[in-house]
Amino acid sequence: MNFHESDERRALRAAVAELGKRYGHRYMRDKVRTDGRATELWEEAGRYGYLGVNIPAEYGGGGGGIADLAAVCEELGAAGCPLLLMVVSPAICGSIIARFGTDAQKQRWLPGIADGTTTMAFGITEPEAGSNSHNLTTTGTRTEDGWVLNGRKVFISGVDQADAVLVVGRSADARTGRLKPALFIVPTDAPGFTWQPIEMELVAPEKQFALFLDDVALPADALVGDEDAGLLQLFAGLNPERIMVAAFSLGMARQALDTAVDYAKTRTVWQGPIGAHQGIAHPLAVCAIELEQARLLTQKAAWLYDAGDDGGAGEAANMAKYAAAEAAARIVDQSIQTLGGNGLSVDYGVAALLVASRVARVAPVSREMILNYVAQHTLGLPRSY
């Protein structure tokens, strides 16, 4: 692992940052106010190849890794226009299909995911299962022609923008009858597949939905990968998810910290700028340190994943997600405190990050479940659940 990013990565960051500046937080604010989508930004990012930097080149992607996609996500966030569906479509779904999909599945889905013309949502959370994926009740039953899927999902992002949803369910083991994880591609126009929006306080153009799967008939090739390796395939998508959420949080934190620092340099009270006072400067310095700590953990997690170390990436991705979410929450709060009343105004764009930064401590996995993971797998303590 090299602490100096390659020339290609730095060039990618610079190009994405330039794109983000042309949109910024006012663009996202206006989209939310009009109940719109960030369609223009998504399409332009797709045309430039930014959405598919992690997709294999033979399927129209950039042939890079999750570290490259995380860089794109972070830079757009730092510019004030993060794209939540990057966490879902190219990172989770694209990674799983690229690693475990059939040739036909790769040909069908990856080129569109790479250029943004196709979007895939990801459905795992259920009303009664929460963080316990072993209690999922969405079930795929084999038929002569394929599968029939039944179940419920909640807090699924961007279903209204998606062409399909990669649904995490369970199928019966033919030998034992026991249920085991399985991944199914479900087109959003499939008969029996419906959804309804969930009202959220989150300020974002991407909406959250509850899904209903009632006798959804799917062809045999809707199953992704090996039926006996569902859990391995699932975590091949969840590690990139955690890395991308960390990058998403880093972007928010950078936007907030940059805003606070600029304000502290220019806002004058009495004889000089407020940033000259330690009561302002020291908390911002702590924010800078915590941001760098989270950035290093995120880069390590991405490097391990791209190197094929799934075990090491699992530990690092959980730690990175935890550190970045905690840093973002602190930095957004400190930014608002630094700006005072202006921190709550629309023009500066940091008040809107309050809920978003808090969400990162809960989703896609809570900070408490990450602490459980670290206690058990890193420290070797007895399992608590």
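This text follows the structure it describes.
Analysis parameters
Think of each chain on its own: its residues are numbered from 1, step by step along the sequence as written. Thresholds applied to this predicted model are a pLDDT of at least 70 for local features of residues and 80 or more for the giving and counting of side-chain atom pairs; totals over whole chains, interfaces and linings are not thresholded and use all residues. Hydrogens and waters are ignored; side-chain quantities use all the structure's heavy atoms. Helix numbering and strand numbering both begin at the N terminus, where a helix is a DSSP run of H or I of at least 4 residues and a strand a DSSP run of E of at least 2. Each residue's exposure class comes from its accessible area (1.4 Å probe, protein chains only) as a fraction of the maximum for that residue type: buried when under 20%, exposed when over 50%, partly exposed otherwise. Site definitions follow a grid-based scheme: protein atoms alone, a 1 Å grid, a 1.4 Å probe that fits but cannot get out for cavities, and for pockets an open set with protein on both sides within 12 Å along at least five of seven lines, plus lining residues having an atom within 4 Å of a point. Grid points are joined across faces, edges and corners, and a volume is the space filled by probe spheres set on the points. Patch membership requires more than 30% relative accessible area and the absence of a salt bridge. Residues of like charge join within 9 Å; the nonpolar side chains Val, Leu, Ile, Met, Phe, Trp and Tyr join within 5 Å. Here the Shrake-Rupley method, with its probe set to 1.4 Å, supplies the accessible areas, and only the displayed protein chains count as covering residues. By convention in these notes, a salt bridge is any Lys or Arg side-chain nitrogen within 4 Å of a carboxyl oxygen on Asp or Glu. As a rule, the C-alpha atoms of each element are fitted with a line to give its axis, helices using only the stretch in contact, and angles between N-to-C directions run from 0 to 180 degrees. An angle below 35 degrees is treated as roughly parallel, one above 145 as roughly antiparallel, one from 65 to 115 as roughly perpendicular, and anything else as oblique. In this scheme, a crossing is called left-handed if the near helix is turned counterclockwise away from the far one by less than a right angle; it is called right-handed if the turn is clockwise. Between two residues, a contact is recorded if the distance between any of their heavy atoms is within 4.5 Å. When residues are grouped by polarity, Ala, Val, Leu, Ile, Met, Phe, Trp, Tyr, Cys and Pro land in nonpolar, Asp, Glu, Lys and Arg in charged, and all others, Gly among them, in polar. The aromatic pairing rule takes the rings of Phe, Tyr and Trp, using the six-membered ring of Trp, and pairs them if the centres are within 6.5 Å, calling planes under 30 degrees apart stacked, those over 60 edge-to-face and the rest tilted. Multiplying 1.5 Å by the helix residue count minus one yields the expected span of that helix. Two axes define the bend at a residue: one fitted to the seven residues ending there, one fitted to the seven starting there, and the bend is the angle between them. To define a nonpolar core, start from buried Ala, Val, Leu, Ile, Met, Phe, Trp, Tyr and Cys residues and group those joined through side-chain atoms within 4.5 Å.

Glancing now at unusual backbone geometry. Note on backbone geometry: most residues besides glycine have negative phi, and most peptide bonds are trans. Across the junction of A363 and P364, the peptide omega takes the value -5 degrees, indicating a cis bond. For P364, the position within the fold is in the loop between α10 (353-359) and α11 (367-378). A positive phi is found at F155, a non-glycine position, where the angle reads about 55 degrees. Residue position: F155 is located in strand β3 (residues 146-157). Positive phi outside glycine occurs at W270, with the angle close to 60 degrees. Checked against the element boundaries, W270 lands in the loop between β8 (268-269) and β9 (272-273). According to the relative accessible area criterion, W270 is exposed, its value standing at 73%.

Turning our attention to the layout of surface pockets. The volume enclosed by the second largest pocket comes to roughly 300 Å³. Surrounding the second largest pocket, 19 residues form its lining, E5, R9, A67, Q299 and W303 being those nearest its centre. Elements that contribute at least two residues to the lining of the second largest pocket include exactly α1 (7-21), α4 (66-78) and α8 (278-306). Ranked by residues supplied to the lining of the second largest pocket, first place goes to α8 with 6 residues.

A few words on a nonpolar patch on the surface. On the surface, a cluster of nonpolar side chains totalling about 420 Å² of accessible area is made up of M1, F3, L296 and W303. Tracing the sequence through the fold places W303 in helix α8.

Okay, the packing of α1 against α4 next. Contact geometry of α1 with α4 gives a least axis separation of 8 Å together with a crossing angle of 30 degrees. Looking at the two axes, α1 sits roughly parallel to α4. As for the relative orientation of α1 and α4, their crossing is right-handed in sense. Across the interface between the two elements, R9, L12, R13, V16, A17 and G20 from α1 touch A67, D68, A71, V72, E74, E75 and L76 from α4. Of the residues contributing to the contact of α1 with α4, the split by class is 7 nonpolar, 1 polar and 5 charged.

Moving on: the packing of aromatic side chains. Applying the stated criterion across every chain, the model contains 5 aromatic pairs. Ring centres of Y48 and Y50 lie 5.6 Å apart, and the angle between their planes is 40 degrees; on these two criteria the pair is classed as tilted. Under the relative-accessibility criterion, Y48 is labelled partly exposed at 49%. Of the residues examined, Y50 reaches a relative accessible area of 12% and is grouped as buried. Geometrically, the ring pair formed by Y263 and Y348 is edge-to-face, given 5.8 Å between the ring centres and 85 degrees between the ring planes. With Y263 in helix α7 (residues 230-266) and Y348 in the loop between α9 (310-339) and α10, this residue pair connects regions lying 85 residues apart in the sequence.

What follows deals with the packing of α4 against helix α5 (residues 85-100). At a closest axis distance of 11 Å, the pairing of α4 and α5 adopts a crossing angle of 175 degrees. Considering the angle they form, α4 stands roughly antiparallel to α5. Note on element contacts: α5 touches α4 through M86, P90, A91 and S95, opposite I66, L69, V72, C73 and L76. When the residues that make up the contact of α4 with α5 are grouped by side-chain class, the tally is 8 nonpolar, 1 polar and no charged.

It is worth spelling out the pattern of salt bridges at this point. In the structure shown here, the tally under the stated rule is 23 salt bridges. For D30, the salt bridge identified is with R29, shortest N-O distance 3.4 Å. The structure contains a network of salt bridges with shared partners spanning E5, R9, R13, D68, E74, E75, R254, E292 and R295.

Time to look at helix α6 (residues 103-115). Here α6 contains 13 residues, and its C-alpha end-to-end distance of 19 Å stays within 8% of the 18 Å for a straight helix at 1.5 Å per residue. At W109, α6 shows its maximal bend, which comes to roughly 30 degrees, and the proline P111 appears one to four places after that position. The set of residues buried in α6 consists of Q105, K106, W109, L110, G112, I113 and A114. Where α6 is buried, its residues touch α3 (39-47), α5, β1 (120-123), β4 (164-172) and β5 (179-187). Just beyond α6, the residue with positive phi is G116, at close to 85 degrees.

The biggest cluster of nonpolar side chains holds 90 residues, and the ones touching the most others in it are M86, M120, F122, L166 and M244. Take this core: its biggest share by element is 16 residues, from α7. Those residues within four positions of F122 in sequence are excluded, and the remaining contacts are V88, I92, C93, I96, I156, V165, L166, V168, L234 and L238. In terms of nonpolar packing, the next biggest core, distinct from the first, is built from 20 residues, L149, F184, F209 and A222 among them.

Further remarks concern the environment of G314. Inspection of the secondary structure assignment puts G314 in helix α9. Separated by 13 residues in sequence, G314 and A301 have C-alpha atoms that sit 7.8 Å apart. Those residues in contact with G314, other than ones at most four positions away along the chain, are N239 and Y373.

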